[in-house]
Amino acid sequence: VLGIFVHVADVEPIKQLEMELKAAKEEAERLATHDYLTGLPNRALLQDRIDEAIARAARTRERVYLLGVDVDNFKSVNDTYGHPAGDQFLIEISRRLKSCVRDYDTVARVGGDEFLVLAAGMTDGVEMVATRMLESAQQPFHLGEAVLTPSLSIGAARFPRNGTTRENLILACDRALYR
């Protein structure tokens with residue numbers, strides 16, 4: 001051996017930067033697929049899950065239900081108590097809806113006070129789920145000194161009876177909701 005060369009470098013800053021970049025990427029992916037206010041899946045993620053559920057159901061003949069949920073008179077909450085209070089109201093409604101479904105069902109916020117619930121593989125009981133949602137929503141909600149009693153409108157559609165594509169299923173669900 002004629003000589004030796006040693007190079008010592010602190011890689012901690014590089015590793016820290018890698019971890020920060022990974023966390024930022026994960027957060028960007030989450031923001032692209034989830035509602036910023038409620039943390040629920042958004043329309044884009046829901047559409048993907050509906051397509052997957054329809055494809056699986058076409059092979060296995062399982063039922064796929066899509067429930068449209070609209071918060072009744074939500075505009076008056078925003079107008080009376082302000083948008084921050086309306087946001088808290090929506091967060092609570094989201095929590096209540098999520099508590100009424102199975103862990104692997106999808107509750108998505110698709111508009112201001114509009115939600116879609118995807119329940120795949122359910123043999124029966126969609127009426128019970130809707131009833132649980134209505135009852136859960138009607139529990140008093142305390143907003144400062146005010147006590148609100150929310151109510152919902154719900155419409156349901158089933159694959160393949162009411163539609164064989166995502167678009168047709170959503171359209172049938174919307175029609176049922178507004179009926």
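Going by the structure above, here's the rest.
Residues numbered from 1 in each chain as written. Predicted model: local features only at pLDDT ≥ 70, side-chain atom pairs only at ≥ 80, totals over all residues. Heavy atoms only, no water.

S.K.: Explain the sheet that holds strand S2 (residues 106-109) residue by residue, including any values.
M.R.: Hydrogen bonding along the main chain pairs the strands of a sheet, whether they run parallel or antiparallel. With antiparallel pairing, four strands are arranged side by side in an open sheet as S2-S3-S1-S6. Of all the strands in the sheet, the pair left with one neighbour each is S2 and strand S6 (152-159). On average, each strand axis in the sheet is inclined to that of its neighbour by 20°, with strand direction left out of account. As paired elements, S2 and strand S3 (residues 114-120) share four bridges and run antiparallel to each other. Each bridged residue has a counterpart across the sheet, and for Ala 108 the counterpart in S3 is Leu 116. Lying over the sheet, helix H2 (residues 43-60) contacts strand S1 (64-71), S2, S3 and S6, oriented at roughly 25° with respect to S3. (Pairing = 2+ DSSP bridges. Helix = DSSP H or I, 4+ residues; strand = E, 2+ residues; numbered from the N terminus. Axes fitted to C-alpha atoms, helices over the stretch in contact; angles between N-to-C directions. Contact = heavy atoms within 4.5 Å.)

S.K.: Just give me the short version of the packing of aromatic side chains, but keep the residues and values in it.
M.R.: Each aromatic ring pair is characterised by the separation of its centres together with the angle its planes make. The full count for this structure, using the stated rule, is two aromatic pairs. With 6.0 Å between their ring centres and 20° between their planes, Phe 74 and Phe 89 make a pair best called stacked. Of this pair, Phe 74 sits in helix H3 (residues 74-81) while Phe 89 is found in helix H4 (residues 83-99), placing the two residues 15 residues apart along the sequence. The pair Phe 74 / Phe 89 is uniform in exposure class, with both members buried. (Phe/Tyr/Trp six-rings, centres within 6.5 Å; stacked < 30°, edge-to-face > 60°. Buried < 20%, exposed > 50% of the residue type's maximum accessible area, 1.4 Å probe, protein only.)

S.K.: Describe the nonpolar core, with residues and values.
M.R.: Within the largest apolar cluster, 29 residues are counted, with the highest numbers of intra-cluster contacts made by Phe 89, Leu 97, Phe 115 and Met 133. Listed by contribution, the elements that provide at least two residues to this core are S1, H3, H4, S3, helix H5 (126-137) and strand S4 (141-143). Ignoring anything within four residues of it in the chain, the contact list for Met 133 reads Val 69, Leu 97, Cys 100, Val 101, Val 117, Leu 152 and Ile 154. (Core = buried A, V, L, I, M, F, W, Y, C linked by side-chain atoms within 4.5 Å.)

S.K.: Can you break down H4 residue by residue, with the values?
M.R.: Between its first and last C-alpha atoms H4 spans 24 Å; for 17 residues at 1.5 Å apiece the expected length is 24 Å, and the two agree. Three or more residues of H4 are buried, namely Ala 85, Gly 86, Phe 89, Leu 90, Glu 92, Ile 93, Ser 94, Arg 96 and Leu 97. (Expected span 1.5 Å × (residues − 1).)

S.K.: A description of the environment of Leu 2 should follow, citing residues and the corresponding values.
M.R.: Of note, Leu 2 is situated in the segment before helix H1 (12-33). Relative accessible area serves as the criterion here: at 95%, Leu 2 is assigned to the exposed category. In sequence terms Leu 2 and Leu 45 are 43 residues apart; their C-alpha atoms lie 63 Å from each other.

S.K.: Quick one: what's the story with unusual backbone geometry, residue by residue and with numbers?
M.R.: Across the junction of Phe 159 and Pro 160, the peptide omega takes the value 0°, indicating a cis bond. Positioned with a positive phi, Arg 61 is a non-glycine residue whose angle comes to about 65°. Secondary-structure assignment places Arg 61 in the loop between H2 and S1. Phi is positive for Asn 73, close to 55°, though the residue is something other than glycine. Overall, Asn 73 belongs to the exposed group, its relative accessible area being 60%.

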